[in-house]
Amino acid sequence: MSDAVQPTAAEVRAAAEAVKTALDRHLAAVERRSGEDDPAVYEAFNQLAAAAEVYDELLYDRYDEVTPFEIPGTEDALPPYTGPEEPNAVSVLIRRDYSVVEPQRLLAQAQRIEAADYDDGADADASGTAHGALGILFGEFEPDEIASRHKEFGLEEGDSTLWVTASDEQAVPGEWLEAPFEGVDPQRVVCRFDVSTVFDDELDDVDEADQDDEDADDIEDDLDTELDEDEDLEPLDSDR
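What counts and what doesn't
Residues numbered from 1 in each chain as written. Predicted model: local features only at pLDDT ≥ 70, side-chain atom pairs only at ≥ 80, totals over all residues. Heavy atoms only, no water. Helix = DSSP H or I, 4+ residues; strand = E, 2+ residues; numbered from the N terminus. Buried < 20%, exposed > 50% of the residue type's maximum accessible area, 1.4 Å probe, protein only. Contact = heavy atoms within 4.5 Å. Pairing = 2+ DSSP bridges. Salt bridge = Lys/Arg side-chain N within 4 Å of Asp/Glu carboxyl O. Core = buried A, V, L, I, M, F, W, Y, C linked by side-chain atoms within 4.5 Å. Axes fitted to C-alpha atoms, helices over the stretch in contact; angles between N-to-C directions. Arc of directions from axis to C-beta.

Regarding the environment of Tyr 60
Link 1 in the chain: Within the element layout of this structure, Tyr 60 appears in helix H2 (residues 39–63).
Link 2 in the chain: With a relative accessible area of 43%, Tyr 60 lands in the partly exposed category.
Link 3 in the chain: It is 9.9 Å that separates the C-alpha atoms of Tyr 60 and Gln 6, two residues lying 54 residues apart in sequence.
Link 4 in the chain: Contacts of Tyr 60, omitting those with residues within four sequence positions, involve Glu 65 and Val 66.

What follows is the structure, given as structure tokens:
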């Protein structure tokens with residue numbers, strides 16, 4: 001960033017003061033909270049995260065320094081639940097991503113299904129393309145079975161998410177099928193479960209760091225053992 005557009009020292013200082021103010025407000029909201037999902041705490045949390053992010057950016061632009069804090073993504077966080085205490089109906093929203101890593105395996109599995117279902121050769125061309133093979137497989141098997149057997153079908157799992165939302169009454173049959181994920185009220189989400197390769201990568205990094213520490217400890221233990229063995233040696237006589 002050029003000097004002409006760099007934030008001033010006063011702007012950085014003001015951003016730091018904003019973080020302090022937001023921190024005090026967040027603590028006050030936590031101390032006064034009325035329950036686990038107090039909206040005042042949620043709002044104060046978002047304000048603190050936003051103020052900290054601004055300060056972090058200005059600090060970096062002005063001084064090429066960063067804070068030791070990881071700013072959580074507030075857009076992905078769910079707001080406090082405001083749905084019915086005793087829901088009369090629930091909707092389960094699921095998304096699973098896959099990569100087609102073995103197209104030939106995918107085609108072969110679809111062709112087997114096709115051969116069993118169409119002895120007369122009808123629709124025999126459907127399994128000749130990847131999108132046709134996917135249509136056959138997902139038409140034959142339940143999504144949960146495909147998830148458990150994805151490797152057999154030449155697929156590799158990606159990210160997935162599952163949302164359970166509460167409602168006062170069941171939706172009118174057919175009215176939501178054209179756009180199943182539109183109009184979801186985040187404040188009616190009862191629970192959410194996410195699976196991501198990003199989490200796996202973070203765990204792998206931690207495991208590698210732990211392994212490095214263990215290797216270093218092993219080396220130190222070996223050195224200590226060698227030193228202990230050396231202590232048992234008879235000292236040299238300087239007069240010899």
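A closer look at the pairing of strand S2 (residues 155–167)
Link 1 in the chain: With 11 bridges connecting them, strand S1 (residues 89–100) and S2 associate as antiparallel partners. By the bridge assignment, Tyr 98 is partnered in S2 with Glu 157.
Link 2 in the chain: Both S2 and strand S3 (residues 189–195) contribute to a ladder of 6 bridges, which runs antiparallel. What sits directly across from Thr 165, in S3, is Val 189.

Section: unusual backbone geometry
Link 1 in the chain: The phi dihedral of Asp 64 is positive, around 60 degrees, even though this residue is not glycine.
Link 2 in the chain: For Asp 64, the position within the fold is in the loop between H2 and S1.

Some details on the environment of Gln 47
Link 1 in the chain: Of note, Gln 47 is situated in helix H2.
Link 2 in the chain: Judged by relative accessible area, which is 36%, Gln 47 ranks as partly exposed.
Link 3 in the chain: Between the C-alpha atoms of Gln 47 and His 26, which are 21 residues apart in sequence, the distance is 8.2 Å.

So, the pattern of salt bridges
Charged atoms that come close allow side chains of opposite charge to pair.
Link 1 in the chain: Across all of its chains, the model carries 8 salt bridges by this definition.
Link 2 in the chain: For Arg 149, the salt bridge identified is with Glu 145, shortest N-O distance 2.7 Å.
Link 3 in the chain: A relative accessible area of 31% places Glu 145 in the partly exposed class.
Link 4 in the chain: Bridged by salt links that share partners, the residues Glu 145, Arg 149 and Glu 152 form one connected network.

Quick word on the nonpolar core
Link 1 in the chain: Of all hydrophobic cores here, the largest spans 11 residues; its members are Leu 106, Leu 107, Ala 110, Ile 113, Ala 133, Ile 136, Leu 137, Phe 141, Ile 146, Phe 153 and Leu 155.
Link 2 in the chain: When residues of this core are traced back to their parent elements, those giving at least two are helix H3 (103–117) and helix H4 (130–140).
Link 3 in the chain: Here this core gets 4 residues from one element, more than from any other, and that element is H3.
Link 4 in the chain: Discounting residues that sit within four places of it in the chain, Leu 107 has contacts with Ser 127, Gly 128, Thr 129, Ala 130 and Ala 133.

Focus on the sheet that holds S2
Link 1 in the chain: Spatial ordering of the open sheet is given by S1-S2-S3, a layout of 3 strands whose pairing is antiparallel. Edge positions in the sheet fall to S1 and S3, since each has one partner strand and no second. Recorded for the sheet is a direction-independent mean angle of 10 degrees between the axes of neighbouring strands.

So, the environment of Leu 137
Link 1 in the chain: Tracing the backbone shows Leu 137 in helix H4.
Link 2 in the chain: A relative accessible area of 0% means that Leu 137 is categorised as buried.
Link 3 in the chain: Leu 137 sits 31 residues away from Leu 106 along the chain, and the two C-alpha atoms are 8.6 Å apart.
Link 4 in the chain: Other than its neighbours up to four places away in sequence, Leu 137 contacts Leu 106, Gln 109, Ala 110, Ile 113, Ile 146 and Phe 153.

Focus: H4
Link 1 in the chain: Residues Gly 132, Ala 133, Ile 136 and Leu 137 constitute the buried set of H4. The buried residues of H4 occupy an angular sector of 135 degrees when projected down its axis, which confines them to one face. When the buried face of H4 is taken as reference, the exposed residues oriented beyond 90 degrees from it are His 131 and Gly 139.
Link 2 in the chain: Residues of H4 that are buried sit in contact with H3 and helix H5 (143–148).

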